[in-house]
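What follows is each chain in one-letter form.
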Amino acid sequence: MNAGNDALNKPFILIVDDEFLQRLPMSEALGHGGFRVAEAENGAQAWELVQKETPDLVILDVVMPVMDGFELCRRIRREERFQHLPIVLATSLDDLASIERAYQIGVTDFITKPVNWGLLAYRVRYILRAARTSQSLAERELELLHTRMEIIRRLGQAAEYRDNETGMHIQRMSHISALLGRAVGLSAHDQELLLHAAPMHDVGKIGIPDSILLKPAKLTSDEFAIMKTHTTLGGQLLDHEPSTLLRTAHTIALTHHERWDGGGYPHGLRGEEIPLMGRLCSLADVFDALTSRRPYKPPWSVQRSVEEIQKGSGSAFEPDLVSAFIALLPEIQRIRESFPDQEPFYGDEIAEMASCGGGAR
Ligand SMILES: [Fe+2]
Ligand SMILES: [Fe+2]
């Protein structure tokens, strides 16, 4: 009564071989081994079948008319939905060139011809199990990565809420930082890291009392001393993290108020003692704060803000970064247009500037 359902519960194997005398014993061996089997005589026929019902595994001959095994494999791998479909090549052991080529185009494993029919089902079961394990590991890894990114995004957002900032400042300064990073030779991987880590530069503001963080007036020197601790607080919050992303965020939180001339905080680092990620974020953060509305000033024009950054070359900022920044102004302008402030800014960033005259603190 449940024969149909039982068949559907069996792993579905597609055998692709132009020789009937190869397909027949393979099909029988796998049928007896508890698999549901379909056959195709060439790559084109197999491609049609694969699209109708995705098999759990494909066994593939190399040389076939119409479409050979390599071409079929390439076609399958081109489709995102078939990325994890195990493809097993049946080939003779001495055909090393085919085996090497097969691995390059995404074959999962191979079985040797002449095929040992008695062992075939065991071999296929083993390859299926290994493929499922690696797929579920890949899925868990992806899920972990998404969770990590989400935590990071929410941490950054929490700091923004504390600061009454719109999310746009965070977006702009992150993109400008990554753009500057590209100009000074950061790898694509490190640019991506910077883009995702920079939003947490002020995460330590979570630990600053409202009376200081939201004070609509200039801070006293005692208050400013407390304000400065948002760097070390952010550093503590993100410390001892195994992930590269959070380690980068830790570096940025700790060093985005250091100055090239050593006059910054919290550690008064000088020149290249300041990690590059921190130097990049510092310039991007200050520039965006200058061009943004603050309670104590209207947004400065781009021209005035650029002049202020240029004045800071060699004192607040690394001269090479300032040159790169000037060369990138058209692209920076495009970033500003992509992330405009939606509403007036009611933040707290008062003019107590550690770096240059009216930006970020
Ligand atoms: Fe800051
Ligand atoms: Fe900022």
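Residues numbered from 1 in each chain as written. Chains lettered and ligands numbered in written order. Predicted model: local features only at pLDDT ≥ 70, side-chain atom pairs only at ≥ 80, totals over all residues. Heavy atoms only, no water.

## Describing the coordination of the iron ion (ligand 1)
Move 1: Here the iron ion (ligand 1) is held by Asp202 (OD), His230 (NE2), His256 (NE2) and His257 (NE2), and the distances to it run 2.0 to 2.3 Å.
Move 2: One way to put it: the four donor atoms around the iron ion (ligand 1) meet at angles of 84 to 172 degrees, and that makes the site irregular.
Move 3: Taken in chain order, the donor set of the iron ion (ligand 1) reads D-x27-H-x25-H-H.
Move 4: The distance between the iron ion (ligand 1) and the iron ion (ligand 2) comes to 5.3 Å. Highlighted residues: Asp202 in the loop between α8 (188-197) and α9 (210-213) and His256 in the loop between α12 (244-255) and α13 (276-291), separated in sequence by 54 residues. (Donors = N, O, S within 2.8 Å, 3.2 Å for Na, K, Ca; no water. Tetrahedral: all angles 85-135°; square planar, octahedral: opposite > 155°, others 65-115°. Helix = DSSP H or I, 4+ residues; strand = E, 2+ residues; numbered from the N terminus.)

## A closer look at the coordination of the iron ion (ligand 2)
Move 1: Those donors, His169 (NE2), His201 (NE2) and Asp285 (OD), are the protein atoms that reach the iron ion (ligand 2), and they lie 2.2 to 2.3 Å from it.
Move 2: Since its relative accessible area comes to 1%, Asp285 is described here as buried. (Buried < 20%, exposed > 50% of the residue type's maximum accessible area, 1.4 Å probe, protein only.)

## Brief notes about helix α4 (residues 69-78)
Move 1: Gly69, Phe70, Leu72, Cys73, Ile76 and Arg77 are the residues of α4 that are buried. Axial view of α4: buried residues confined to an arc of 160 degrees, hence all on one face.
Move 2: Put simply, Asp68 is the residue that caps the front of α4, since its side-chain oxygen is 3.3 Å from the backbone nitrogen of Phe70. (Arc of directions from axis to C-beta. Polar contact = N/O pair within 3.5 Å; in protein donor to acceptor, adjacent residues only side chain to side chain.)

## Examining the sheet that holds strand β5 (residues 109-113)
Move 1: Strand order in the open sheet formed by five strands is β2-β1-β3-β4-β5, with parallel pairing between adjacent strands. Strands with a single pairing partner mark the edges of an open sheet, and in this sheet they are β2 (36-40) and β5. Going from strand to strand, the sheet's axes swing by 20 degrees on average, the running direction of each strand aside.
Move 2: Sheet topology note: the strand β1 (residues 12-16)/β2 ladder contains five bridges and is parallel. (Pairing = 2+ DSSP bridges. Axes fitted to C-alpha atoms, helices over the stretch in contact; angles between N-to-C directions.)

## A few points about the pattern of salt bridges
Move 1: Enumeration according to the criterion identifies 17 salt bridges in this entry.
Move 2: With a closest N to O distance of 2.6 Å, Arg279 and Glu318 form a salt bridge. Of this pair, Arg279 sits in helix α13 while Glu318 sits in the loop between α14 (302-311) and α15 (319-327), and the two are 39 residues apart along the sequence. The exposure classification of Arg279 matches that of Glu318, with both residues buried. (Salt bridge = Lys/Arg side-chain N within 4 Å of Asp/Glu carboxyl O.)

## Quick notes on the environment of Glu41
Move 1: Tracing the sequence through the fold places Glu41 in the loop between β2 and α3 (43-52).
Move 2: The partly exposed category is assigned to Glu41, whose relative accessible area is 42%.
Move 3: Excluding residues within four positions of it along the chain, Glu41 makes contact with Asp17, Asp18, Arg23 and Met64. (Contact = heavy atoms within 4.5 Å.)

## Here's the deal with the pairing of β1
Move 1: Among the five residues that make up β1, five are buried, leaving the element largely enclosed by the rest of the structure.
Move 2: Side chains Phe12, Leu14 and Val16 project from β1 onto one buried face, and the interleaved Ile13 and Ile15 project onto a second face that is buried too.
Move 3: As for the winding sense of the linkage, the β-α-β connection from β1 through helix α2 (residues 20-32) to β2 is right-handed.
Move 4: Pairing between β1 and strand β3 (residues 57-61): four bridges, direction parallel. Paired with Val16 across the strands is Leu60, a residue of β3. (Right-handed = clockwise from strand over helix to strand, strands pointing away.)

## Observations concerning the packing of aromatic side chains
Move 1: Enumeration over the complete set of coordinates arrives at four aromatic pairs.
Move 2: Taken together, a centroid distance of 6.3 Å and an interplanar angle of 80 degrees make the contact between Trp47 and Phe82 edge-to-face. You can see Trp47 sitting in helix α3 and its partner Phe82 sitting in the loop between α4 and β4 (87-92), a full 35 residues away along the chain.
Move 3: An angle of 80 degrees between the planes, with centres 6.1 Å apart, marks the rings of Phe224 and Tyr265 as edge-to-face. Of this pair, Phe224 sits in helix α10 (residues 221-228) while Tyr265 is found in the loop between α12 and α13, placing the two residues 41 residues apart along the sequence. By the burial criterion, Phe224 is buried, and Tyr265 matches it.
Move 4: The positively charged end of Arg36 is found above the aromatic ring belonging to Phe12, 4.3 Å away from the centroid.
Move 5: A cation over a ring is seen here: Arg125 above Tyr122, with NZ or CZ 5.8 Å from the ring centre. (Phe/Tyr/Trp six-rings, centres within 6.5 Å; stacked < 30°, edge-to-face > 60°. Lys NZ or Arg CZ within 6 Å of the ring centre and 35° of its normal.)

Keep in mind that these numbers describe shape and distance, not what the molecule does.
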